[in-house]
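Architecture and fold: a report
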Amino acid sequence: MKSDPSRIAYQACIAPGCGERHAVDEAHVACSKCGALLDVNYEWDRVPVPKSLREFEARWSNRRNPLDFSGVWRFRELLPFAPPEAVVTIGEGQTILQRSESVGRYVGTRPGNLFLQYEGLNPSGSFKDNGMTAATTHARMVGAKTAACASTGNTSASLAIFASTTGLFRVVVFVGSGKIAYGKLSQALDYGALTVQIQGDFDDALARVREVCSRLKIYLCNSVNPFRLEGQKSIMFRVLESLDWQPPDWIVVPGGNLGNSSAFGKAFSELKHLGLIDRIPRLAVINASGSNTLYRVHEQQGIRWNEGRLDHPAIDSFYAEMDAQGRRAATLATAIEINRPVNLVKCLRALDTCDGVVREISDEEILDGKAQAGAGGFGCEPASGASIAGAKRLREEGMIAPSDRVVCILTGHELKDPNVTVNYHSSASARLANRPMAVENDLDKIIAALSKFA
Ligand code: F0G
């Protein structure tokens with residue numbers, strides 16, 4: 001990046017009536033004037049953006065440069081907010097898109113049309129590393145020494161690995177009590193993060209960490225941080241790259257705090273604006289039915305982005321009713337067990353950009369989707385199974401056509417939550433269970449048992 005980022009990047013309030021700007025080297029998680037979410041925006045005419053996305057491929061041959069090795073920063077002209085010397089990278093974003101015939105058959109698409117984007121192959125085992133490289137880079141730009149997040153597990157693992165690998169920050173992570181998967185909790189502990197388990201769920205933990213960060217001037221790395229989402233745009237750049245820069249028909253992604261879906265919408269809107277793609281894929285965001293705020297707001301109440309003039313009173317009364325009923329998020333896909341998604345408004349904007357839809361899916365369908373991914377090779381954690389289950393549902397509805405090219409984002413690695421996997425495969429009722437066989441310690445009995453497979 002030869003241009004000076006402070007001249008081309010700024011933070012802007014997303015509310016059209018406000019539009020307040022903040023400098024790129026300040027730390028904010030909300031507009032200081034009206035409290036709405038912020039975007040990182042660019043003066044694109046000052047950015048040396050390649051004329052064609054294909055030009056990024058030249059960087060594959062220069063992998064000794066950490067910025068070219070990174071699956072995020074090799075697209076740096078599309079997130080030009082940082083001087084190269086500030087970039088914090090640990091080799092994130094080396095992820096692959098694979099065609100899956102078995103998942104395609106399960107979903108009901110034509111052969112060759114179903115793709116899985118394995119974000120579990122990131123250093124900490126989830127897509128979060130795409131965002132954390134950007135957030136920690138910004139933390140370094142503003143001189144932060146301590147960083148924090150609330151997490152259902154993956155954000156904390158990601159922040160902790162960036163801090164421990166680089167030694168640049170102390171890290172505090174807040175997790176809710178009980179529900180965090182052990183694969184994720186073990187990472188935060190192993191990587192040396194100060195881990196605070198507060199009584200309550202993720203929604204409580206996030207509310208508290210925001211207060212703590214504001215009071216103690218700690219740098220907040222949740223997806224309210226607009227720099228996180230800049231990094232997560234690169235997931236879409238890599239999907240396009242793997243498809244030879246031809247946009248698919250559908251991107252299907254699980255929805256939790258709605259950072260990914262928001263980032264994907266921003267990525268496509270910017271690529272279209274820059275003339276780098278001619279068509280925007282449709283976006284399907286999949287909620288677990290036990291934590292389905294987006295589904296209720298978008299599909300049941302019909303609340304739309306409406307050029308930023310959303311029906312805020314309707315959203316407020318939705319939350320007031322949720323609180324009055326004491327409704328808490330509850331799903332086996334603990335990564336997305338969230339009832340107050342902080343990026344709700346940005347996600348509504350992304351759904352508008354991408355002509356998107358939202359579906360809610362039962363835990364049973366999520367786990368079947370996850371098992372189907374595992375049976376086809378690389379597995380995923382429960383939340384990611386929502387992508388496959390959601391694609392299947394949309395195909396059954398006829399929303400997705402058999403001829404559509406569909407990309408399901410697998411957000412986290414299979415080994416994040418082995419308990420759920422083993423329980424599923426041990427269960428008498430799970431549809432796709434591969435039950436372990438108990439055999440006595442006796443050669444003949446073992447041979448007899450194995451004869452079923454001969
Ligand atoms: N999939 C996985 C594996 C996740 O860890 C998360 C979010 C999501 C999907 C949802 O993504 O928030 O962008 O809609 N995990 C967060 C965490 C909340 O704390 O690790 P989103």
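The structure this text deals with has already been given above.
Since we're looking at a predicted model, the values are computed, not measured.

Scanning all chains against the criterion turns up 29 salt bridges. The shortest N-O distance in the salt bridge between K33 and E20 comes to 4.0 Å. Of this pair, K33 sits in the loop between strand 2 (21-23) and strand 3 (38-42) while E20 sits in the loop between strand 1 (9-13) and strand 2, and the two are 13 residues apart along the sequence. A relative accessible area of 58% places K33 in the exposed class. The residue E396 makes a salt bridge to K392 at a minimum N-O spacing of 3.3 Å. Here K392 and E396 lie together in helix 14 (residues 382-397), a separation of 4 residues that amounts to about one turn. Judged by relative accessible area, which is 56%, E396 ranks as exposed.

This part is about the site of the ligand. Taken together, 21 residues are adjacent to the ligand, and N154, G256, N257, L258 and T411 come closest. Contact between the ligand and G256: an oxygen atom at 2.7 Å from a main-chain N or O atom of the residue. One of the backbone nitrogen or oxygen atoms of L258 is found 2.8 Å away from an oxygen atom of the ligand. Coverage of the ligand by the protein amounts to 99% of the 480 Å² it exposes when considered alone. Residue assignment for the shell around the ligand shows that the elements contributing at least two residues are helix 5 (154-166) and helix 9 (259-273).

Attention shifts here to helix 9. Taking 1.5 Å per residue as the helical rise, helix 9 with its 15 residues ought to reach 21 Å, and the 21 Å between its terminal C-alpha atoms agrees with that figure. When you tally the buried positions in helix 9, you get 12 out of 15 residues, the bulk of the element. Along helix 9, the residues that are buried comprise G259, N260, S261, S262, A263, F264, G265, K266, A267, F268, E270 and L271. In this structure, the buried side of helix 9 is in contact with strand 3, helix 8 (226-242), strand 10 (250-254), strand 11 (282-288), helix 12 (344-353) and strand 13 (406-410). Following helix 9 by one or two positions, G275 has its phi on the positive side, about 75°.

Cut-offs and rules
Residues numbered from 1 in each chain as written. Predicted model: local features only at pLDDT ≥ 70, side-chain atom pairs only at ≥ 80, totals over all residues. Heavy atoms only, no water. Salt bridge = Lys/Arg side-chain N within 4 Å of Asp/Glu carboxyl O. Helix = DSSP H or I, 4+ residues; strand = E, 2+ residues; numbered from the N terminus. Buried < 20%, exposed > 50% of the residue type's maximum accessible area, 1.4 Å probe, protein only. Near = heavy atom within 4 Å. Polar contact = N/O pair within 3.5 Å; in protein donor to acceptor, adjacent residues only side chain to side chain. Areas by Shrake-Rupley, 256 points an atom, 1.4 Å probe, with all protein chains shown as cover. Expected span 1.5 Å × (residues − 1). Contact = heavy atoms within 4.5 Å.

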